Amino acid sequence: MEKEKELAGRVALVTGAGRGIGRAIALELAGQGAVVLVNYNGSRECAQEVVREIEENGGRSESFGCDVSDFHACGKMIEEIMKKYLHVDILVNNAGITRDNLIVRMTEEEYDQVLNTNLKGAFHTIRHLSRYFLKQRGGKIINISSVSGVEGNAGQANYCASKAGLIGLTKSVARELACKGVCANAVAPGFIDTEMTRSMPEKAREAALASIPMKRQGSVEDVARLTAFLAGRGSDYITGQVFCVDGGMTM
Ligand code: NAD
């Protein structure tokens, strides 16, 4: 008889899952048996492509368009999901943007946009889902932070503030929900090969590479495998932690 997959019967919502790290996480969770709900804001086609890929591999998936920076839109999306799927067991807050600038030039808009998506977006989904997690006495929340949130980075005050904020949010939620069997952890990727890092200036790319003891960029799968571990039973006694996936950049 075939062994049951690790995440069989679980429903996972992954934000910003149309491409990059989110896409890899969606595929990895689906590969381990979860029903994966692919949230997107920009491109519906990309999200549909991820859904198709999951279905072609025998999994179940659906895409949900919603700007995570919009509190009420997140509430509506989660209401719709709960009506249809009845439970969500895994929430991965992956949606994120950068608007890099030196602090002396950073506009209020650049600061707000990044905070509203990266940090408030996670608050919105957690806020709307937490009552269901409490009721079902279980759930896994995984927030995709960054090593930039751990160490800071010149030219990214907005991004680093949002990613450091995510760590505080993760730890507080972990403390609040631990006694109800809900785990919340943060994953802090280093320098991962995605469109986000491909658009960096060459000098910044070289500097980032030079700071990695393993001397290579990470892959989206490196981040996805850890996230899937945190979504599964192997992490049942782990909460409030920050895991760097960074080839040794921070230690
Ligand atoms: P990416 O730009 O390829 O993907 C980000 C995704 O988030 C996109 O699909 C985008 O449409 C979506 N998104 C943006 N704003 C949204 C919103 N308001 N609502 C819903 N979706 C939205 O970037 P990536 O490199 O795959 O990054 C994914 C996550 O990992 C981000 O949170 C990023 O900060 C984090 N991260 C990336 C790296 C890296 O080296 N690439 C390092 C550390 C952390």
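Refer to the structure printed above.
Residues numbered from 1 in each chain as written. Predicted model: local features only at pLDDT ≥ 70, side-chain atom pairs only at ≥ 80, totals over all residues. Heavy atoms only, no water.

(A) Structural view of the site of the ligand. As a matter of local geometry, the ligand sits amid 26 residues, with Arg19, Asn94, Tyr159, Ile192 and Thr194 nearest to it. Take Tyr159: an N or O atom from its side chain is 2.5 Å from an oxygen atom of the ligand. One of the side-chain N or O atoms of Thr194 is found 2.5 Å from an oxygen atom in the ligand. Taken by itself the ligand offers 820 Å² of open surface, and the protein chains cover 92% of this. For the shell around the ligand, the per-class residue count stands at eleven nonpolar, twelve polar and three charged. (Near = heavy atom within 4 Å. Polar contact = N/O pair within 3.5 Å; in protein donor to acceptor, adjacent residues only side chain to side chain. Areas by Shrake-Rupley, 256 points an atom, 1.4 Å probe, with all protein chains shown as cover. Nonpolar A, V, L, I, M, F, W, Y, C, P; charged D, E, K, R; others polar.)

(B) Structural view of a nonpolar patch on the surface. A surface patch of nonpolar side chains, amounting to about 330 Å² of accessible area, comprises Leu102, Ile103 and Val104. The topology assignment puts Leu102 in the loop between strand E4 (90–93) and helix H4 (108–136). Classification of Leu102 as partly exposed rests on a relative accessible area of 41%. (Patch = residues over 30% accessible without salt bridge, like charges linked within 9 Å, V, L, I, M, F, W, Y side chains within 5 Å. Salt bridge = Lys/Arg side-chain N within 4 Å of Asp/Glu carboxyl O. Helix = DSSP H or I, 4+ residues; strand = E, 2+ residues; numbered from the N terminus. Buried < 20%, exposed > 50% of the residue type's maximum accessible area, 1.4 Å probe, protein only.)

(C) Inspection of the sheet that holds E4 at higher detail. Strand order in this open sheet of seven strands is E3-E2-E1-E4-E5-E6-E7, and the pairing throughout is parallel. Each of the sheet's edge strands pairs with one partner strand only, and the pair in question is strand E3 (61–65) and strand E7 (242–245). On average, each strand axis in the sheet is tilted by 20° relative to the strand beside it, whichever way the strands run. Across four bridges, E4 lies against strand E5 (residues 139–144) in parallel orientation. Directly across from Asn93, in E5, lies its bridge partner Asn143. Sitting on the sheet, helix H2 (residues 44–56) touches strand E2 (35–40) and E3, and the angle it makes with E3 is about 165°. (Pairing = 2+ DSSP bridges. Axes fitted to C-alpha atoms, helices over the stretch in contact; angles between N-to-C directions. Contact = heavy atoms within 4.5 Å.)

(D) Summary view of the pattern of salt bridges. Within the structure shown, the criterion is met by ten salt bridges. Notably, a salt bridge pairs Glu195 with Arg19, separated by 3.1 Å at the nearest N-O pair. Placement of the pair is Glu195 in helix H7 (residues 195–198) and Arg19 in the loop between strand E1 (11–14) and helix H1 (20–31), with a sequence separation of 176 residues. Given the relative accessible area of 44%, Glu195 is considered partly exposed.

(E) Spatial organisation of the packing of H1 against helix H9 (residues 220–231). In the contact formed by H1 and H9, the axes pass within 8 Å of each other and the chain directions differ by 50°. Judged by the inter-axis angle, H1 sits oblique to H9. Between H1 and H9 the crossing geometry is right-handed. Residues Gly20, Ile21, Ala24, Ile25, Glu28 and Leu29 of H1 lie in contact with H9, whose contacting residues are Val220, Glu221, Val223, Ala224, Arg225, Thr227, Ala228 and Ala231. Across the contact of H1 with H9, the residue classes break down as nine nonpolar, two polar and three charged. (Parallel < 35°, antiparallel > 145°, perpendicular 65-115°, else oblique. Left-handed = near helix turned anticlockwise from the far one by under 90°.)

(F) Region of interest: the nonpolar core. In this structure, Ile25, Leu29, Val36, Ile90, Val92, Ile142 and Val187 are the most contacted members of the largest nonpolar core, which totals 32 residues. Only E1, H1, E2, H2, E4, E5 and H9 provide two or more residues apiece to this core. Sequence-distant contacts of Ile142, defined by excluding residues within four places in its chain, comprise Ile90, Leu91, Val92, Asn93, Asn185, Val187, Thr227, Leu230 and Ala231. If you look at the next biggest cluster of nonpolar residues, it comprises 29 residues, including Ile81, Tyr85, Ile126 and Leu177. (Core = buried A, V, L, I, M, F, W, Y, C linked by side-chain atoms within 4.5 Å.)

(G) Local environment of the side chain of Asp246. Among the structural elements, Asp246 can be located in the segment after E7. Comment: no salt bridge for buried Asp246; closest opposite-charge side chain is Arg216, at 10 Å. A distance of 2.5 Å separates a polar atom in the side chain of Asp246 from a polar atom in the side chain of Thr250. Once residues within four sequence positions are removed from consideration, Asp246 is found in contact with Val147, Gly190 and Ile212. (Lys, Arg positive; Asp, Glu negative; His and termini not counted.)

(H) Local environment of the packing of aromatic side chains. For the coordinates displayed, the defined rule picks out one aromatic pair. Here Phe71 and Phe123 contribute two aromatic rings whose centre-to-centre distance is 6.3 Å and whose plane-to-plane angle is 20°, an arrangement assigned as stacked. Note that Phe71 is positioned in helix H3 (residues 71–85) and Phe123 in helix H4, a separation of 52 residues in sequence. Judged by relative accessible area, which is 27%, Phe71 ranks as partly exposed. Taking relative accessible area as the criterion, Phe123 reaches 35% and is therefore assigned partly exposed. (Phe/Tyr/Trp six-rings, centres within 6.5 Å; stacked < 30°, edge-to-face > 60°.)

(I) Structural context of empty space enclosed by the protein. Enumeration according to the criterion identifies one cavity of 30 Å³ or more in this entry. Each pocket or cavity is described by its volume, and for the largest cavity that value is around 50 Å³. Around the largest cavity sit 13 residues that line it, and Asn93, Ala95, Thr117, Asn118 and Ala122 are the ones nearest its centre. Looking at the lining of the largest cavity, the elements that each hand over two or more residues are H4 and helix H6 (157–177). If one sorts the elements of the lining of the largest cavity by residue count, H4 sits on top with five residues. Grouping the amino acids of the lining of the largest cavity by side-chain chemistry returns five nonpolar, seven polar and one charged. (1 Å grid on protein atoms, 1.4 Å probe; cavity = no way out; pocket = protein on both sides within 12 Å on 5 of 7 lines; lining within 4 Å. Points joined across faces, edges and corners; volume = space filled by probe spheres on them.)

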